[in-house]
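# Descriptive analysis of the structure
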Amino acid sequence: MTLLPPLARHGVKPLRFVKRGEMVSLGNVPPERTLLELLREDLGLTGTKEGCGEGDCGACTVVLGEPEAGALRYRAVNSCIRLAHSIDGMALWTVEDLAAPDGSLHPAQQAMLQCHGSQCGFCTPGFVMSLFGLYMAPTLPTACGSLPLQGATPPEAAHLQAVHARAGGLGAAAFSPEGAAAPADWQSQIRGPGLKETIPTSAPADWQSQISGPGLGGSASNSISREMAQEALSGNLCRCTGYRPILDAVQAMGSLPPVFIDEAALLLKLEQLAQAPPALEANLAYKMPRTLAELLKARAAHPGAQLVAGCTDVGLWVTKQHRQFSEVLDLTRVAELRSIEQHADHIAIGAAVTLADAFGALVRAWPQLHGFASRFAGLPVRNAGTLGGNVANGSPIGDSMPLLIALGAQVVLMSERGRREMPLEQLYTGYRQNLMAADEVLAFIKVPRPESPHPSPLPVEEGVEAGTGNPTPTSPLAPSPLWAEGGGKGLPELLKAYKISKRFDDDISAVCLAIKLRINNGAVAHASIGAGGVAATPVRAVQTEAALTGQPWTLLTVQAAMAALRAEFTPLSDMRASGAYRTEVLGNLLQRYWLESQGMRQINLASFVLEEGA
């Protein structure tokens, strides 16, 4: 184990992690120190760059590995806003770790070189690490997350299904920090390349449960689409090279010779770190309870401690406001809060579930949310941030809350005194203020299941003039998916979520609106609308819901509801939009919902597919 000298402060638990196959222990790391500061200033690892300092540009991207269901889960995250202590017990990769000792480049690096994906080079390490995170992922880490479908599935089996489905796509799944060749019994020791048409005859009968990887088999074809590559790199910005050669590199790295990692040995080292006896919690400035009972006890004893989860917002308090915390209470290791439970009438999402996994669960229930979920920041932020943190933060421009409000979500608050449950919108009392007592934590978000989801929320493009969004004279609008078939009984709900921002990817909303209606016999039987960016808190549009409920689903009803929605809020003007613009857009989004319910397409940016030039 590598031991480094103390830094500056006593009373902090040693920070321990695995890097390049070695266990590292750091003493007295201040609780508010970021991972980027630790890497660059304390360890001299300057390949990881500092750009925006707010998780927006991706220059600081690193990859973390964490045991999950007997395997390693790899996530690309922003180190600039990640508190250093949050990686305790994990494996860490920076750009310095990818090349072999003899200088041979990792496929993520070699592909960038061959495709001319770097010009000034400042952002390149971050892109390479995002490529490496994608290379290591058992399934593509897109907005939908990589959780197995409900009911399939040990992770290994789901992993293998993904391998076969994508054989010939993304490259092999690993690398060896020592650069060693794969051992003869690699089937049981390494996380390796794809299995289709490449499994040695000596592979054991139960190899399916021993080997994992996104792998690609021996096919020269590539199953990673441009859209998948764009989602994987949504948190990385490039100012000089342009994205085309970088996207080429994403698709090219799977065809390069694979490299391997001894994942079994790495898991063993992480297990050794986990079993090391902890210091006395009362003496530690950075606390990481492992159970819900421990968390509630610590919260009661330390009500003034700063609660953190993914640090995607608290990290900015450190980098931009230079805050310091005498005590930090990190809830991301609480086992109960890391779960997604499927119940008959609702989905219970733990507060420590990452945004990527939480949206994955929601998208499986409402597939039409995929596009909205992919625009929630960039992938490294979704890999680190948590749904509970986004909700508890209470920002009026947090994108998850309007959606959860429209879905009728409830929040569960817990303390040693007991628990209480309430509709999400009732949690907030003012700007970033809520009803939680000093000893309470937000533990779960309960989302009702869809009553009768429509198999195709929007019809194919029919009756719309190409590129205009206008009905053609000779082709009427496509039939609305909201209208009844065979007499108008048992109609489905239609849910849509809209985000308006200056940039399409990786940007903060000016306005966010989520609408869920249920139409019965041509009338609105139920309306649920959540809005963000228009008040001091995320809000439910109760007056607009009242204007819709019980009314015929017609253009006249929609126009009256548009007026009600515009009058219901008085948005402020700021750097993202003026109050007048926000008011106008609110009504326009409801009109868009109406037009889409009638079958019209090509009326929003997500409907367009731009072809790259030659």
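The rules behind the values
Residues numbered from 1 in each chain as written. Predicted model: local features only at pLDDT ≥ 70, side-chain atom pairs only at ≥ 80, totals over all residues. Heavy atoms only, no water. Helix = DSSP H or I, 4+ residues; strand = E, 2+ residues; numbered from the N terminus. Buried < 20%, exposed > 50% of the residue type's maximum accessible area, 1.4 Å probe, protein only. Contact = heavy atoms within 4.5 Å. Areas by Shrake-Rupley, 256 points an atom, 1.4 Å probe, with all protein chains shown as cover. pLDDT = per-residue confidence, 0-100. Phe/Tyr/Trp six-rings, centres within 6.5 Å; stacked < 30°, edge-to-face > 60°. Lys NZ or Arg CZ within 6 Å of the ring centre and 35° of its normal. Pairing = 2+ DSSP bridges. Axes fitted to C-alpha atoms, helices over the stretch in contact; angles between N-to-C directions. Parallel < 35°, antiparallel > 145°, perpendicular 65-115°, else oblique. Left-handed = near helix turned anticlockwise from the far one by under 90°. Nonpolar A, V, L, I, M, F, W, Y, C, P; charged D, E, K, R; others polar.

### Brief notes about the overall build of the chain
Across its full length, the chain carries 17 helices and 20 strands. With 614 residues in all, the chain has 56% of them scored as buried. A sequence separation of at least 24 residues applies to 67% of the contacts in the chain between residues at least 6 apart. Only carbon and sulfur atoms are counted for the fraction: they give 55% of the accessible area of the chain, which is about 24900 Å².

### A look at the confidence of the model for the chain
Looking at the chain as a whole, the pLDDT averages 80, with 74% of positions reaching at least 70. For the stretch residues 1–10, pLDDT sits under 50, and the model shows 28 contacts to residues farther than four places along the chain or on other chains. Considering only residues more than four positions removed or in separate chains, one finds that residues 146–222, a stretch of pLDDT under 50, has 169 contacts.

### A word on the packing of aromatic side chains
Enumeration according to the criterion identifies six aromatic pairs in this entry. With 5.4 Å between their ring centres and 70° between their planes, Trp553 and Trp594 make a pair best called edge-to-face. Here Trp594 lies in helix 17 (residues 579–597) and Trp553 lies in the loop between helix 15 (542–548) and helix 16 (555–568), a separation of 41 residues in the sequence. Trp553 gets classed as buried once you look at its relative accessible area, which sits at 1%. By relative accessible area, which is 11% here, Trp594 ends up buried. Linked through ring pairs, Tyr74, Trp93 and Phe132 together constitute an aromatic cluster. Taking the ring centre of Phe504 as reference, the NZ or CZ of Arg375 above it sits at 4.2 Å.

### Some remarks on the sheet that holds strand 9 (residues 328–330)
Read from one edge of the open sheet, three strands run 7-9-8, paired in parallel fashion. Either end of the sheet is taken by a strand with one partner, and the two such strands are strand 7 (286–287) and strand 8 (306–308).

### Re helix 6 (residues 244–252)
Looking at helix 6, one finds that the buried residues are Pro245, Ile246, Leu247, Ala249 and Val250. For helix 6, the secondary structure elements touched by its buried residues are helix 2 (107–114), helix 3 (124–136) and helix 5 (226–232).

### Considering the packing of helix 16 against helix 17
The interhelical angle for the contact between helix 16 and helix 17, taken along N-to-C directions, is 155°, at an axis separation of 8 Å. On the basis of their axis angle, the class for helix 16 and helix 17 is roughly antiparallel. The two elements helix 16 and helix 17 meet at a crossing, and its hand is right-handed. Within the contact between the two elements, helix 16 uses Leu555, Val558, Ala561, Met562, Leu565 and Arg566 and helix 17 uses Thr583, Glu584, Leu586, Gly587, Asn588, Leu590, Gln591 and Trp594. Here the contact of helix 16 with helix 17 is composed, by residue class, of eight nonpolar, four polar and two charged.

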